[in-house]
Amino acid sequence: MLFRSAVPCPRSSAWLAGVMVHNYGTVLLCPQNLAVSGANQVLYNIAAGGLYRGNMVLVSPTAGPFAFKFQEIGVAVRIGKVQDVIGQIRDVRFAICNTIMTAHLVKFLQEKGIPCSWVLHEWWTKDMIQTELDKRNDKNLTPATVAEALKMCSCTVSVCKMQQELYSPAHGEVIFVGTPDVDVQMFPLLKSADRKSVV
């Protein structure tokens, strides 16, 4: 996996590569659901790519067809709450949260002392966040929760540099997953003067 750092993570890709060599403890995967989606495919690719060869547990609030794909590569799948799983599995050493909808989990895990990598796929401005959450009837998040998670997360991962600039995480990395950097000359509304910051 190719990493390019813009704002260095305190738990950077180099740190992650060194620490994950050891196969002790559990790595937690936290998607927003198990639907067939591009976001879940990215999480699957991370797991299947050999990030960690020890115990990996995926926790989703709902069941879905993508569960089978994770189980095929040896990931244990649990349906329920991350808070409950943390109480049952005491050796969680790292978590990967997937999509902006898991901001509340990033906050919870970081507060518990479990470093997170948070993969963002969305392009929501601060003004859009509440509208998008309302469309999805999501009661776990608010724009304030997202802003706090962006400050707390050990390593927030963006799919390109423009997305990272939109969210401005305290500790961020850019991993290219097929999304090219956008030329702002072709899309005038993306110019920094016209964009509204998330935080």
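### A closer look at the overall build of the chain
Part 1 of the argument: Within the chain one finds eight helices and eight strands.
Part 2 of the argument: For the chain, with 199 residues in total, the buried portion stands at 46%.
Part 3 of the argument: For the chain, restricting intrachain contacts to residue pairs at least 6 apart in sequence, the fraction spanning at least 24 positions comes to 63%.
Part 4 of the argument: Accessible area of the chain: about 9,800 Å², with a carbon and sulfur share of 55%.

### Quick word on the packing of aromatic side chains
Part 1 of the argument: In this structure the tally under the stated criterion is three aromatic pairs.
Part 2 of the argument: With a centroid separation of 6.2 Å and 65° between ring planes, the pair formed by Tyr44 and Phe66 is classed as edge-to-face. Highlighted residues: Tyr44 in helix α2 (residues 38–48) and Phe66 in the loop between β3 (55–60) and α3 (67–72), separated in sequence by 22 residues. Residue Tyr44 shares its accessibility class with Phe66, and that shared class is buried.
Part 3 of the argument: Between the aromatic rings of Phe66 and Phe70, the centroid separation amounts to 5.6 Å while the plane-to-plane angle is 50°, which identifies the pairing as tilted. In this structure, Phe66 and Phe70 share a single accessibility class: buried.
Part 4 of the argument: An aromatic cluster is present here, built from Tyr44, Phe66 and Phe70 joined pairwise through their rings.

### Structural notes on the nonpolar core
Among soluble globular proteins, nonpolar side chains are generally buried collectively.
Part 1 of the argument: One finds Leu28, Val82, Ile100, Leu109 and Trp118 to be the most contacted residues of the largest nonpolar core, which totals 32 residues.
Part 2 of the argument: Among the elements that take part in this core, helix α5 (residues 103–111) stands out by supplying five residues, more than any other.

### What about α5?
Part 1 of the argument: Counting buried positions along α5 gives seven out of nine residues, so the element sits mostly inside the fold.
Part 2 of the argument: Buried residues in α5 make contact with β2 (26–30), α4 (82–88), β5 (92–98), β6 (116–119) and α7 (143–152).
Part 3 of the argument: Downstream of α5 by one or two residues, Gly113 has phi in the positive range, about 85°.

### Considerations on the pairing of β3
Part 1 of the argument: Most of β3 sits out of view: five of its six residues are buried.
Part 2 of the argument: The sheet contact formed by β2 and β3 spans four bridges and is parallel. Across the sheet, residue Leu29 finds its bridge partner in β3, namely Leu58.
Part 3 of the argument: For the segment spanning β2, α2 and β3, crossover handedness is right-handed.
Part 4 of the argument: In this structure, β3 lies alongside strand β4 (residues 76–79), joined through four bridges in parallel fashion. Each residue of the ladder has a partner; that of Val57, found in β4, is Ala76.

### Overview of the environment of Val77
Part 1 of the argument: Here Val77 is to be found in strand β4.
Part 2 of the argument: On a C-alpha basis, the gap between Val77 and Leu34 in space is 9.9 Å, while along the polypeptide they are 43 residues apart.
Part 3 of the argument: Those residues within four positions of Val77 in sequence are excluded, and the remaining contacts are Leu34, Leu58, Ala67, Phe70 and Gln71.

### Regarding the state of the cysteines
Part 1 of the argument: Throughout the structure, instances matching the rule amount to zero disulfides.
Part 2 of the argument: Of all cysteine sulfurs, the one in Cys97 lies closest to Cys30, which takes part in no disulfide; the gap is 4.2 Å.
Part 3 of the argument: Looking at Cys153, it has no disulfide partner, and the nearest cysteine sulfur is the one in Cys116, 5.6 Å off.

Quick notes on the rules
- Residues numbered from 1 in each chain as written.
- Predicted model: local features only at pLDDT ≥ 70, side-chain atom pairs only at ≥ 80, totals over all residues.
- Heavy atoms only, no water.
- Helix = DSSP H or I, 4+ residues; strand = E, 2+ residues; numbered from the N terminus.
- Buried < 20%, exposed > 50% of the residue type's maximum accessible area, 1.4 Å probe, protein only.
- Contact = heavy atoms within 4.5 Å.
- Areas by Shrake-Rupley, 256 points an atom, 1.4 Å probe, with all protein chains shown as cover.
- Phe/Tyr/Trp six-rings, centres within 6.5 Å; stacked < 30°, edge-to-face > 60°.
- Core = buried A, V, L, I, M, F, W, Y, C linked by side-chain atoms within 4.5 Å.
- Pairing = 2+ DSSP bridges.
- Right-handed = clockwise from strand over helix to strand, strands pointing away.
- Disulfide = S-S within 2.5 Å.

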